[in-house]
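Fold and contact review
The lines below spell out each chain.
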Amino acid sequence: MWRALISHHQSPRNAILIVEVVSESTGDFDRGEKFARCRQIPTFREYVLIEQEKPQVTVYYKLEPDVWRMTFFLGLDKTVFLQTIDAQILMSEIYLNIEVPDQQSNEPDDELLETA
């Protein structure tokens, strides 16, 4: 559905936060073309990708016009913080009643991304 919206330039116009559930078939599109289009929304500040097959969440947060911080959460014991809405969500709640392997990691990994 998103591909149709994007191709017709009907993507969200005032979004500050967009959350996507990523499947194996949509992952490349969600991380690539869709994210690039979303970054064109002036109000857009945070992009959350929730993996369908494993307890993994990636949060992109806009620091400056072309600089995004990427925080990677892996494992049901982590807590995801969404800055735009000042909320914390337990990974175990995101994946409640879903069978996924529990993958443990130390702390979330942060990385800065510059986009053009």
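Below, the structure is looked at part by part. Not measured: the values here are computed from a predicted model. (Residues numbered from 1 in each chain as written. Predicted model: local features only at pLDDT ≥ 70, side-chain atom pairs only at ≥ 80, totals over all residues. Heavy atoms only, no water.)

1. As for the overall build of the chain
When helices and strands are counted, the chain shows three helices and seven strands. Looking at the chain as a whole, 40% of its 116 residues are labelled buried. Taking as baseline every contact in the chain between residues at least 6 positions apart, the subset at least 24 positions apart corresponds to 54%. Total accessible area computed for the chain in this model is approximately 7,200 Å², and 48% of it derives from carbon and sulfur atoms. (Helix = DSSP H or I, 4+ residues; strand = E, 2+ residues; numbered from the N terminus. Buried < 20%, exposed > 50% of the residue type's maximum accessible area, 1.4 Å probe, protein only. Contact = heavy atoms within 4.5 Å. Areas by Shrake-Rupley, 256 points an atom, 1.4 Å probe, with all protein chains shown as cover.)

2. Describing the side chain of E20
For E20, the position within the fold is in strand β1 (residues 17-22). Given a relative accessible area of 11%, E20 falls into the buried group.

3. Observations regarding helix α2 (residues 27-38)
Within α2, the full set of buried residues consists of G27, F29, D30, K34, F35 and C38. Down the axis, α2 shows its buried residues gathered within 155° of arc, on one side only. (Arc of directions from axis to C-beta.)

4. Focus on unusual backbone geometry
The phi angle of most residues is negative, glycine excepted, and most peptide bonds adopt the trans form. Its identity is not glycine, yet D86 carries a phi of approximately 50°, on the positive side. On the secondary structure map, D86 appears in the loop between β5 (79-82) and β6 (87-90). Judged by relative accessible area, D86 falls into the exposed class, the value being 62%. Backbone geometry at N97 places phi at a positive 65°, although glycine is not the residue there.

5. A word on the nonpolar core
The biggest cluster of nonpolar side chains holds 12 residues, and these are A15, I18, V22, F35, C38, I41, F44, Y47, L49, Y60, W68 and M70. Within the residue set of this core, elements represented by two or more residues are β1, α2, β2 (46-51) and β4 (67-74). The residues contacting F35, other than those within four sequence positions of it, are F29, D30, F44, Y47, Y60 and W68. One finds V48, V59, Y95 and V100 within the second-largest nonpolar core, a separate group that totals 10 residues. (Core = buried A, V, L, I, M, F, W, Y, C linked by side-chain atoms within 4.5 Å.)

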